[in-house]
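For reference, the chains in residue letters:
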Amino acid sequence: METVSENTCFGGVQGVYTHRSTSCACDMTFGLFLPEEARDGPVPLLWYLSGLTCTHENAMTKAGAQAWAAEQGIGLVFPDTSPRGDDVADDEAYDLGKGAGFYVNATRDPWAPHYRMWDYIAEELPTLLERNFSIDPERQSITGHSMGGHGALTLAMTYPDRYKSVSAFAPISNPTGADWGRKQLSAYLGDDEAAWEAHDASLLMAEKGFDGPVLIDQGANDQFIDLLRPETLAAAAAKRRQQIILRLQPGYDHSYFFVSTFMEDHVTFHANALWA
């Protein structure tokens, strides 16, 4: 692992680091904010998974999360959204290939050699963080935006004992039922739709749910709301009688202006679970 940069930020440190990923078979970059409390011992960690076209940098610089994390004494990790490198397969479309890893392990060529973002987020990066930074592995929560909200919800429901809480900003809630999902899942996983089900938050909510706090914020003026399908997630939660807070926010779109507006709420929501 190499340090790209470290900057003092709200009394803590905002770092950017690169390392050779065994999961993705390429160099990967991530951002990590640690509050000043990390100097004295391990701190809880909130994962932030970003959306289509993003890198580790978007939320790190636009979401305003560090101020609220510093106030709550928790760390923040900002992974990248896909493998990177000249030999990594890509597509001309913004919603497939680099910047659009969709948090799955690809099984189809040309994606299979590098696009293993599920393993990277679920296994490799957590191990790297625990070995090299002052992180409490028993106190983790997860959030994300759009494609990252999809990743956060599916990971949380797959590993319910790992995360104390889960939230999402405008998540892709039903990828098996929308163009933001069917296109990527068929490209990465093939045409067998049964293989897609493990990566659909609405289907997982109906099947498993999540034994912990769940918070979803969705902009009512989101230009992509028909692709996100928040109503399917709400229906699945209601049918299961799952505890969930789903807020439709009038006037807000899909941008980081929306994310930054409600970031304090989400960080506080997770801090309450992490310090409980």
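Residues numbered from 1 in each chain as written. Predicted model: local features only at pLDDT ≥ 70, side-chain atom pairs only at ≥ 80, totals over all residues. Heavy atoms only, no water.

**Focus: helix α9 (residues 256–274)**
As a reminder of what qualifies: The reported bend at a residue is simply the angle between two axes, fitted to the 7 residues ending at it and to the 7 residues beginning with it. Numbered from the N terminus, helices here are DSSP runs of H or I no shorter than four residues, and strands are runs of E no shorter than two. Burial classes follow relative accessibility: with a 1.4 Å probe on protein chains only, a residue under 20% of its type's maximum area counts as buried, one over 50% as exposed, and anything between as partly exposed. By the criterion applied in these results, polar contacts are pairs of N or O atoms within 3.5 Å in which, for protein atoms, one can donate a hydrogen and the other can accept it, and in which residues neighboring in sequence qualify only through two side-chain atoms.
Within α9, the axis deviates most sharply at Phe262, by approximately 50 degrees. Residues Tyr256, Phe258, Val259, Phe262, Met263, His266, Val267, Phe269, His270, Ala271, Ala273 and Leu274 constitute the buried set of α9. Where α9 begins, the capping side chain belongs to Ser255, and its oxygen is found 3.2 Å from the backbone nitrogen of Phe257.

**What to know about the nonpolar core**
Test applied: Definition of nonpolar core: a set of buried residues of the types Ala, Val, Leu, Ile, Met, Phe, Trp, Tyr and Cys, connected through side-chain atoms within 4.5 Å. Any two residues whose heavy atoms approach within 4.5 Å are treated as being in contact.
Core analysis: the biggest nonpolar cluster contains 85 residues, and Phe30, Leu32, Trp47, Leu129, Ile142 and Tyr188 have the highest contact counts within it. The biggest single contributor to this core is helix α3 (residues 117–132), with eight residues. Setting aside residues no more than four positions away along its own chain, Tyr188 makes contact with Leu96, Gly97, Ala100, Gly101, Phe102, Val104, Ala106, Thr107, Arg108, Trp111 and Tyr115.

**Points about unusual backbone geometry**
Trans is the common state for peptide bonds, and a negative phi is the common state for residues other than glycine. Cis geometry marks the peptide bond from Asp109 to Pro110, where omega comes out at 5 degrees. Looking at where Pro110 falls in the secondary structure, it is placed in the loop between β5 (75–79) and α3. Non-glycine residue Ala170 carries a positive phi angle of around 45 degrees. For Ala170, the location among the structural elements is in the loop between β7 (163–169) and α5 (179–189). For Ala170, a relative accessible area of 0% gives the class buried. A positive phi angle, near 60 degrees, is found at Arg241, a position not held by glycine. For Arg241, the location among the structural elements is in the loop between α8 (230–240) and β9 (245–249).

**Comments concerning the pattern of salt bridges**
We apply this condition: The working definition used for a salt bridge is a side-chain nitrogen of Lys or Arg within 4 Å of a carboxyl oxygen of Asp or Glu.
Applying the stated criterion across every chain yields a total of nine salt bridges. With its nearest N and O atoms 3.7 Å apart, the salt bridge here joins Glu123 to Arg162. A residue pair is termed long-range when its members are at least 10 positions apart, and Glu123 in helix α3 and Arg162 in the loop between α4 (147–158) and β7 qualify at 39 residues. Residue Arg247 is joined to Asp217 by a salt bridge in which the shortest nitrogen-to-oxygen separation is 2.8 Å. Of this pair, Arg247 sits in strand β9 while Asp217 sits in strand β8 (residues 214–219), placing them 30 residues apart in sequence. Of the residues examined, Arg247 reaches a relative accessible area of 26% and is grouped as partly exposed. One connected set of salt bridges, linked through shared partners, spans Asp217, Arg247 and Asp265.

**Things to note about the state of the cysteines**
The following threshold applies: Two cysteine sulfur atoms form a disulfide, by the criterion used here, when they sit within 2.5 Å.
This structure, assessed with the given rule, holds zero disulfides. Cysteine Cys24 is unpaired, with the sulfur of Cys26 as its nearest cysteine sulfur at 5.2 Å. On the basis of relative accessibility, which here comes to 0%, the residue Cys24 falls in the buried class. Left unpaired, Cys54 is separated from the closest cysteine sulfur, that of Cys24, by 17 Å. For Cys54, a relative accessible area of 6% translates into the label buried.

**Thoughts on the side chain of His254**
Relative to the assigned elements, His254 resides in the loop between β9 and α9. Classification of His254 by relative accessible area gives buried; the value is 9%. Excluding anything up to four places from it in sequence, His254 contacts His145, Ser146, Ala170, Trp180, Asp222, Gln223, Phe224 and Leu228.

**A word on the packing of aromatic side chains**
Spelled out, the test is: Working definition: a ring pair exists when centres of Phe, Tyr or Trp rings (six-membered ring for Trp) sit within 6.5 Å. Plane angles under 30 degrees give stacked, over 60 give edge-to-face, the rest tilted. Distance and angle both matter: a charge sits over a ring if NZ of Lys or CZ of Arg is within 6 Å of the ring centre and within 35 degrees of the ring normal.
Counted according to the given criterion, the structure contains 13 aromatic pairs. Ring plane angle 90 degrees and centroid distance 5.5 Å describe the contact between Trp111 and Tyr188, whose orientation is recorded as edge-to-face. In this pair, Trp111 sits in the loop between β5 and α3 while Tyr188 sits in helix α5, placing the two residues 77 residues apart along the sequence. Judged by centre distance (4.7 Å) and plane angle (35 degrees), the ring pair of Trp180 and Phe224 falls under tilted. With Trp180 in helix α5 and Phe224 in the loop between β8 and α7 (225–228), this residue pair connects regions lying 44 residues apart in the sequence. Judged by relative accessible area, which is 26%, Phe224 ranks as partly exposed. Each residue in the set Phe169, Tyr252, Phe258 and Phe262 is aromatic and connected to the rest through ring pairs, giving one cluster. Of note, Arg162 hangs over the ring of Tyr159, and the distance from its end group to the ring centre comes to 4.4 Å.

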